[in-house]
Amino acid sequence: MIGITPSLSRTSAGLLALVVLLVALWLGAAIGETAIPMGVVAKTVANRLWDAGYGLDALDEGIIWNYRVSRAIVAACCGSALALSGVVLQSLLRNPLADPYILGISAGASTGAVAVAVLGIGAGLLTLPVGAFVGALLAFGLVSLLAMRAGRGHGAIILAGVAGSQLFNALTSFIVTKAANAEQARAIMFWLLGNLSGVRWPDVWVAVPVAAVGLIVCLWHARALDAFTFGSESAASLGIPVRRVYGVLIGVTAMMTAAMVSMVGSIGFVGLVIPHVSRMIVGVRHGLLLPGSALIGAVFMIAADIVSRIIIPGQVLPIGVVTALVGAPAFAVILSQRRTVR
Amino acid sequence: MKSIFAKSHRGIACAAAVLLAAIGVEAQAAETSYPLTLTNCGHQVIFQKAPDRAVSIGQSSTEILYLLGLQDRMVGTAVWIGPVINGYEEANAKVERLADNDPSFESVVARKPDLVTAQFQWHVGPEGIVARPEQFEELGVPVYTSPADCVGKDNSGGGDGVRHTVFTMDLIYQEITELVQIFNVQERGEKLVAELKAREEAAKKKIASADGRLSAVFWFSSAELDIDPYVAGKNGAPGYIMRSLGIRNVVDSEEEWPTVGWETIAKSGPTLVVAGKMERRRFPADDIAVKHKFLESDPVTSLMPAVKEGHVVEMDAQAMNPTIRTIEGIEVLADAVEKSGLNK
C-alpha cells in the first residue's frame, strides 16, 4: 500500500517533528525565571555531551543543565504520555471525553500523595511521588474491578471511573480538611495542580523510558486502535484479540499516567484535549494520530511550563493552571474555527 | 530682673505641670480601669475584668503570657511548633495542651475561658479554622489576636497571608503592652519590653561594621526536597531581622513565605543562607540535616558562594515567624556573622 511518495513524506514529517521537538526543548532550556543568554544553552549541551570546553559561568551552566534541560525533557515526556493515554482511552472507550482522569488514576494519585504528605503514612520510607504512584495503581485496580463486575460494556468502565474519581477526590478533601494547615494545604494545592520545579535528571531516566515504551506499545497497536473505533465487536471480527489488546493498552495507559502524575503532579486538560487537536491536524488514523498527539502534547507541555515560570516574576505558577487557562481558550478557538470551515 | 524671675517661675510652674501630668498618665497606665475597651485587628474588644482563665492558641501568644508571669491564669494552650522558651518548661507543663496543632472550637470552649488569645488569624479570624471571633464573643469570651498577624497584613487569600506593611518588633511590643493592660500587670510589661529592646541593640552593635555589605535568604522548608522552597518575603519577621542588621534580603516579595525557585535564589547569590531548624517533620526538608545535605549535594545550590564558603546559618523556625522569638533571630544571625568574620 505504501508508495514511494507517502514514505518520503513520512520521513520528512518525522524530520520536521524532530526539529520542532528540539526547538521546543531548546526554548524550554533557554527561557526561565532568571535571564541567561540564549547561546549558553548550546554551549552547555556541548560541554556536557561532548566535553567542548567552553568557559561558562558555573552557576549558569548548572542551572541550564541540571534544572532546565532535565525539566524540559520531563515536560515533553509528560505531555506525550498524557496525550497518548487520552488517544488510547478515547478510542477504546469510544468516548470523546475519556482521558486518564476518567479512570480515576489522577484522583487516586492525588489521594496517595496527600496521604503521605498530610497523614505521614509510611513516613520516611514513602515520598510524595511514591505515594502518588501507589494511589494511582490502587485507584486503577479498584475501578477496573468495579467495571468488570458491572459487565463489559464500554460504558461500564467510564461509570466506574466516575465513581472512583469521586471516591478518591472525596478522600483527598477529607484528609486535607481534617488534617492540613495553611502551609500543607498550599503544598498540596501546588502538587494537585502540577509542578515541574522539583524535576532533576533521575526523573528523566524514568520519564523517557516510560514515554518511549508507551509510544512503542501504542504504535504497535495502531491498527487495532483503528478497528476499536468501530466498536469491540467489529474489532473482534477483524481478528483482533480484543481482551488481550484491551488489557495491554489500558495497562500501559495506567502505567504512563501513574508514573507521570507521581513525578509532576496531576495536570489536567492535556489528556483530554490534545488528542482532539491532533485529530484536527493529522486526521483520525492512529498510525499518524499517535505520534502526532505525542509531539503536540510534548510541545504544549514545554510551552505551558515556560509560561508557568515567567508569568509571575520571581514566582512559579502551577502548570495545571497554565494548561487550563491558556489551553482551554486556545482549544475553544480551534474548535470554533473548525466549525466555521465546515 | 523681676520679669526674668517671673518668667523662670512660669517655666518652673510649666515644667511642674508637665511632670505632674506625666505622673498622672503614668499612674493611669499603671492601673487598668475596667471595663477596658481595646481595638484589636479591627474589632472592639471589651474586658469587664482581668482574665483568670485564658486559653492561648499559638505558641508565641502563650510564651508572651509566660514571660509576663501569667501562667497561673492560663487554662489551655494549642498550636506548638517547637519546645517552649528556655526556663518555662515547668510553667508550660502545668498548662493543659488542648492540641499540638489546631484545637477544635468546643475543646477551647470546654475550658470555660474568659479570654482567648490567638497568634494567627487562620486559627481565629474571619476564615478561622478554630472559629470566628464572633463565635467566641457570642458566648461572652473576648478574643485578642496578635497585632503582628493583622496590622498591615492581608489574610483573606488563605495560606500565610500577604504583608503590605513591614513587620517590626513594635508589633510584638504592642502585643505585650496590650496584654499587660488586659491583665493589669503593667510593671512586668515595661520590664520585658526594656529587656527585649536592650538585647536588640546589643546584637545590632555586634556587627554594625558589616552594614550594607551582606545579603541573605531565609529558607523555612519545602513541600518536597527538590521543589521550590518556602523562603521569607521582604516584609515578615526575617525581613525585620535582616533590616535591623543591615543585611539585604535577596527575595523581594510581599508574601509572607513565597515559593521561589532555587534557580532564582542561586543567581541572586546571597552571602548567607539562613536555614530553619524545627521539631516538626511534616516535609523532608523540615529536618535541618536534610537541608544541609541538599544545599551541599544539589548540583546548582552547591555552587552558591554561601554554601561553598560554609555560610549556612541554622535558626529556630520560631524566630523566623513574627513572634517574641524574633529577637533571638537577630541575636543568632548577628553572632553567626561575627563568628564567620563576614563583618570585617
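These numbers come from a predicted model, not from an experiment.

Observations concerning the sheet that holds strand β5 (residues 97–99) of chain B
Residue and element names in this part refer to chain B.
Link 1 in the chain: Spatially, the five strands line up as an open sheet ordered β5-β4-β3-β6-β7, and their pairing is parallel. The open sheet has two edge strands with one neighbour each: β5 and β7 (143–145). Strand-to-strand twist across the sheet, computed as the mean angle between neighbouring axes with direction ignored, equals 20 degrees.
Link 2 in the chain: Where strand β4 (residues 74–78) meets β5, two bridges bridge the pair, whose relative direction is parallel. Bridge pairing in β5 places A78 opposite A99.
Link 3 in the chain: Most of the contacts of helix α2 (residues 59–67) go to β4, to which it runs at about 150 degrees, and overall it touches β3 (54–57), β4 and β6 (115–118).
Link 4 in the chain: Sheet strands in contact with helix α6 (residues 169–183) are β3, β6 and β7, and its direction is about 160 degrees off that of β7.

Observations concerning the state of the cysteines
Link 1 in the chain: Evaluated as defined, the whole model comprises one disulfide over all chains.
Link 2 in the chain: Covalent S-S linkage joins C41 of chain B and C150 of chain B, the inter-sulfur distance amounting to 1.9 Å. The disulfide joining C41 of chain B to C150 of chain B has a torsion of about -80 degrees about its S-S bond and is therefore left-handed. Residue C41 of chain B is found in the loop between β1 (36–40) and β2 (43–47), and its partner C150 of chain B is found in the loop between β7 and β8 (153–154); the two are separated by 109 residues along the sequence.
Link 3 in the chain: In this model C78 of chain A remains outside any disulfide bridge; the closest cysteine sulfur is found in C77 of chain A, 7.1 Å from its own.
Link 4 in the chain: There is no disulfide at C218 of chain A, and the cysteine sulfur nearest it, in C77 of chain A, is 14 Å away.

Focus: the pairing of β4 of chain B
All names here are of chain B.
Link 1 in the chain: Counted residue by residue, β4 has five buried out of five residues, so it is predominantly covered.
Link 2 in the chain: Pairing of β3 with β4 involves four bridges; the strand directions are parallel. When the sheet's bridge partners are listed, S56 is paired in β4 with T77.
Link 3 in the chain: With α2 bridging β3 and its parallel neighbour β4, the resulting β-α-β unit is right-handed.
Link 4 in the chain: Running through helix α3 (residues 89–94), the crossover from β4 to the neighbouring parallel element β5 is right-handed.

The rules behind these values
Residues numbered from 1 in each chain as written. Chains lettered and ligands numbered in written order. Predicted model: local features only at pLDDT ≥ 70, side-chain atom pairs only at ≥ 80, totals over all residues. Heavy atoms only, no water. Pairing = 2+ DSSP bridges. Helix = DSSP H or I, 4+ residues; strand = E, 2+ residues; numbered from the N terminus. Axes fitted to C-alpha atoms, helices over the stretch in contact; angles between N-to-C directions. Contact = heavy atoms within 4.5 Å. Disulfide = S-S within 2.5 Å. Buried < 20%, exposed > 50% of the residue type's maximum accessible area, 1.4 Å probe, protein only. Right-handed = clockwise from strand over helix to strand, strands pointing away.

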